[in-house]
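# Summary of the model geometry
Given next are the chains, with one letter for each unit.
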Amino acid sequence: WKTWTNSTVVTPARNGGGSYPVEVEGDRGNFLGVIPAGESWEAVPGGSGVVLRQARGGRFTDRRLTVRPREPDALVRVGTRDYQGTLSINPHRTGITVVNQVELEEYLIGVVGAEMGGRPDGDREAVRAQAVVSRTYALRTRNRWRAQGFDYYATVADQVYVGVSAENPLARDAIAAAIGLAATDGRAPGDAF
């Protein structure tokens, strides 16, 4: 989904400001520890895996790390962007790859918001049409990048996705109104660009 050559910063966040702690798990789902609220940790490649480290000496390391909010409405920040769900931090031949693991409908709210931008209420039907097209594309191309450890690039290589910063009420309404709708050829999702 997103690859950094050297490192990136992971910070607990909360919608509306403030922050809550996040849990860090190792490759086998084993609990490694907690990143306290208000702290930023750097994710870097390390040996055959990845390392989350703090300036004061804190450190988590494993082949792959998962960062999960401890509170239901909490977010995780990567760099300057906030994300729902969990983050998987994986080694990559040129650095690390951070994958946002989120339910399809939440992903689509971020996609529709990013692809359509802020629109006036009069564009409601256009945004709903985008919701159907975005879901169709997501269903048709799921697992295309499985060998790289994720489903979609967060860029125009697939669909633009920037986390919660692109979410807006019109995008939420469009996803809710078009839930489960996709363009098909009768058997499978069609090509949607």
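Structure: see above.
Just so it is clear, the structure is predicted and the values come from calculations on it, not from any experiment.

## Thoughts on helix H3 (residues 169–177)
An α-helix turns once per 3.6 residues; consequently, residues spaced three or four apart project the same way. Residues Leu170, Ala171, Ala174 and Ile175 constitute the buried set of H3. Each buried residue of H3 lies within a common arc of 135° when the element is viewed along its axis, so the set occupies one face. Turned more than 90 degrees away from the buried face of H3, the exposed residues are Pro169 and Ala176. Residues of H3 that are buried sit in contact with helix H1 (104–116) and helix H2 (124–141). Backbone nitrogen of Leu170 and a side-chain oxygen of the N-cap are separated by 3.1 Å at the start of H3; the cap is Asn168.

## Focus: the pattern of salt bridges
Taken as a whole, this structure holds 16 salt bridges when the rule is applied. Close ionic contact of Glu125 with Arg128 constitutes a salt bridge, the shortest N to O distance being 3.3 Å. Pair noted here: Glu125 and Arg128 are both in helix H2, with a separation of three residues, about one helical turn. Relative accessible area serves as the criterion here: at 25%, Arg128 is assigned to the partly exposed category. Where salt bridges share partners, they join Asp121, Arg124, Glu125, Arg128 and Asp173 into one cluster.

## Concerning the side chain of Asn100
Along the chain, the position of Asn100 falls in strand E12 (residues 95–101). Polar contacts involving the side chain of Asn100 include one to the main-chain carbonyl oxygen of Thr86, which spans 3.3 Å.

## Considerations on H1
Compared with an ideal rise of 1.5 Å per residue, which puts 13 residues at 18 Å, H1 spans 18 Å between its outermost C-alpha atoms and is within 8% of the ideal. Here H1 has its buried residues at Leu104, Tyr107, Leu108, Ile109, Gly110, Val111, Val112, Gly113 and Met116. Those residues of H1 that are buried lie in contact with H2 and H3. Once H1 finishes, Gly117 follows within two positions and takes phi at roughly 70°, a positive value.

## A look at the environment of Gly85
The topology assignment puts Gly85 in the loop between strand E10 (81–83) and strand E11 (86–92). Placed 21 residues apart in sequence, Gly85 and Glu106 show a C-alpha to C-alpha distance of 8.9 Å. In contact with Gly85, not counting residues within four places along its chain, are Pro69, Asn100 and Gln101.

## A word on the environment of Arg70
Within the secondary structure layout, Arg70 lies in the loop between strand E8 (65–69) and strand E9 (74–78). Among the residues examined, Arg70 registers a relative accessible area of 42% and is labelled partly exposed. Measuring from C-alpha to C-alpha, the distance between Arg70 and Val24 comes to 9.9 Å, with 46 residues separating the pair along the chain.

Here is what the cut-offs are and how they apply
Residues numbered from 1 in each chain as written. Predicted model: local features only at pLDDT ≥ 70, side-chain atom pairs only at ≥ 80, totals over all residues. Heavy atoms only, no water. Buried < 20%, exposed > 50% of the residue type's maximum accessible area, 1.4 Å probe, protein only. Helix = DSSP H or I, 4+ residues; strand = E, 2+ residues; numbered from the N terminus. Arc of directions from axis to C-beta. Contact = heavy atoms within 4.5 Å. Polar contact = N/O pair within 3.5 Å; in protein donor to acceptor, adjacent residues only side chain to side chain. Salt bridge = Lys/Arg side-chain N within 4 Å of Asp/Glu carboxyl O. Expected span 1.5 Å × (residues − 1).

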